[in-house]
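Here's the letter readout for the chains.
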Amino acid sequence: MSERSHSVVGRPALEEVDLREHGAKGTTSDRRLFIQFQAFSRMDGQPAPTTQDLVAALSNKSTDLVLYEDARDPRGFGLALASEDPGVIMDVTRQVFADPAWQGLTIKPEYTMMGRTYALGYEADLEDTLLQRPRRHLLEAEWPWCVWYPLRRAGAFETLEKDEQRAILGEHATIGMSWARSGVARDIRLACHGLAGEDNDFVLALFAHEVHPLSALVNRMRSTVQTSRYLEKLGPFFLGRAVWRSTTLQG
């Protein structure tokens, strides 16, 4: 047996690595938006920062930011940051925490989430899906209430054929689009494989004019194939109200 044939026997074929996002009609993109969410509460023995104090520390930062008041913690806040460059998110976060107003707050690590936008393969406008629509939903002033939460799918989902996986994920996407078109609620879906402290697969953010549609939409998702059969963990849930944005977008 030759040296060449010996080196090939029993070796699996190398897979082709393609990191692009794929949309409809063969469209592709190498761009995507990263979003990080963190929640905080006042440290015991520290003076309580005001919303105005925190906003002052966020002004003139080089990325999109949203500050939330925590609906379940009267001393708590949430912060969302978005950028195509995750390094920018890290830099801005460190700048923010260097400000004295934020040093009196402690991070609630169970609510720290980071993810990236992605495509399922049928998106007609890939750039809007990956970059523009998530920013619109995040920064729209008329949709102040939000729920942020992570989820982890059961391992059995990964054994399904790709077409069946797309159909299951598409069911969630269709529900989200239906609620958005009805003017009731909007969502952001982020993949977070390897980006979170726990082994979660996705981060979801839901936005609405008031609280009730957020709870109703989570309840609606319970009956989907993904939630009822293939979810291993859901939450924890952060419920908050946006009180400041670095930018306001219309539409």
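Residues numbered from 1 in each chain as written. Predicted model: local features only at pLDDT ≥ 70, side-chain atom pairs only at ≥ 80, totals over all residues. Heavy atoms only, no water.

## Brief notes about the overall build of the protein
Condition: A run of H or I in DSSP becomes a helix once it reaches four residues, and a run of E becomes a strand once it reaches two; helices and strands are each numbered from the N terminus. Here's how the labels work: a residue is buried when its accessible area is under 20% of the maximum for its type, exposed when over 50%, partly exposed in between, all with a 1.4 Å probe on protein chains only. Each accessible area is a Shrake-Rupley estimate made with a 1.4 Å probe; only the visible protein chains count as cover when residues are assessed. Within this scheme the basic residues Lys and Arg register as positive and the acidic residues Asp and Glu register as negative, but His and the chain ends are omitted. A single reference atom marks each charge: NZ on Lys, CZ on Arg, CG on Asp, CD on Glu.
Counting secondary structure elements, the protein contains eight helices and 12 strands. The principal-axis extent of the C-alpha atoms belonging to the protein is close to 75 × 45 × 30 Å. Taken over 251 residues, the protein has a buried fraction of 48%. Accessible surface, the protein as shown: approximately 13,100 Å² in total, 50% of it carbon and sulfur. Treating the 29 positive side-chain charges of the protein as one cloud and the 34 negative ones as another, the clouds have centres 2 Å apart.

## Notes on helix α5 (residues 126-139)
To be explicit about the condition: Helix span, as expected, comes to 1.5 Å for every residue beyond the first.
Here α5 is 14 residues long and its end C-alpha atoms lie 20 Å apart, about the 20 Å a rise of 1.5 Å per residue gives. Most of α5 is tucked away: 10 of the 14 residues are buried. Within α5 the residues assigned to the buried category are L126, D128, T129, L130, L131, P134, R135, H137, L138 and L139.

## Considering the pairing of strand β12 (residues 238-245)
Just so we agree on the cut-off: In short, DSSP must find at least two bridges between two strands for them to pair.
Among the eight residues in β12, six count as buried, and that is most of the element. By the bridge criterion, five bridges tie strand β4 (residues 64-70) to β12 in an arrangement that is antiparallel. Bridge assignment links Y68 to a residue of β12, and that residue is A242.

## A few points about the nonpolar core
For soluble globular proteins, nonpolar side chains are generally found buried alongside one another. How we decide: By nonpolar core we mean a set of buried residues, namely Ala, Val, Leu, Ile, Met, Phe, Trp, Tyr and Cys, connected to one another through side-chain atoms within 4.5 Å. Between two residues, a contact is recorded if the distance between any of their heavy atoms is within 4.5 Å.
Among the nonpolar cores identified, the biggest contains 27 residues, and F37, Y68, L138, W148 and F207 are the most heavily contacted of them. Looking at this core, the elements that each hand over two or more residues are β3 (34-42), β4, β5 (76-83), α5, β8 (145-153), β9 (185-191), β10 (202-208) and β12. Excluding its chain neighbours within four sequence positions, the residues that come into contact with F37 are Y68, G78, L79, A80, Y111, T112, M113, W148 and F238.

## Topic: helix α7 (residues 212-221)
Spelled out, the test is: What the arc covers is the set of directions going from the helix axis to the C-beta atoms.
For α7, the complete set of buried residues consists of P213, L214, L217, V218 and M221. Viewed end-on, α7 has its buried residues packed into an arc of 140°, placing them on one side of the element. What points out from α7, more than 90 degrees from its buried face, is the exposed set H212 and N219. For α7, the secondary structure elements touched by its buried residues are β8, α6 (162-181), β9, β10, α8 (225-230) and β12.

No statement about biological role is implied by the geometric values presented.
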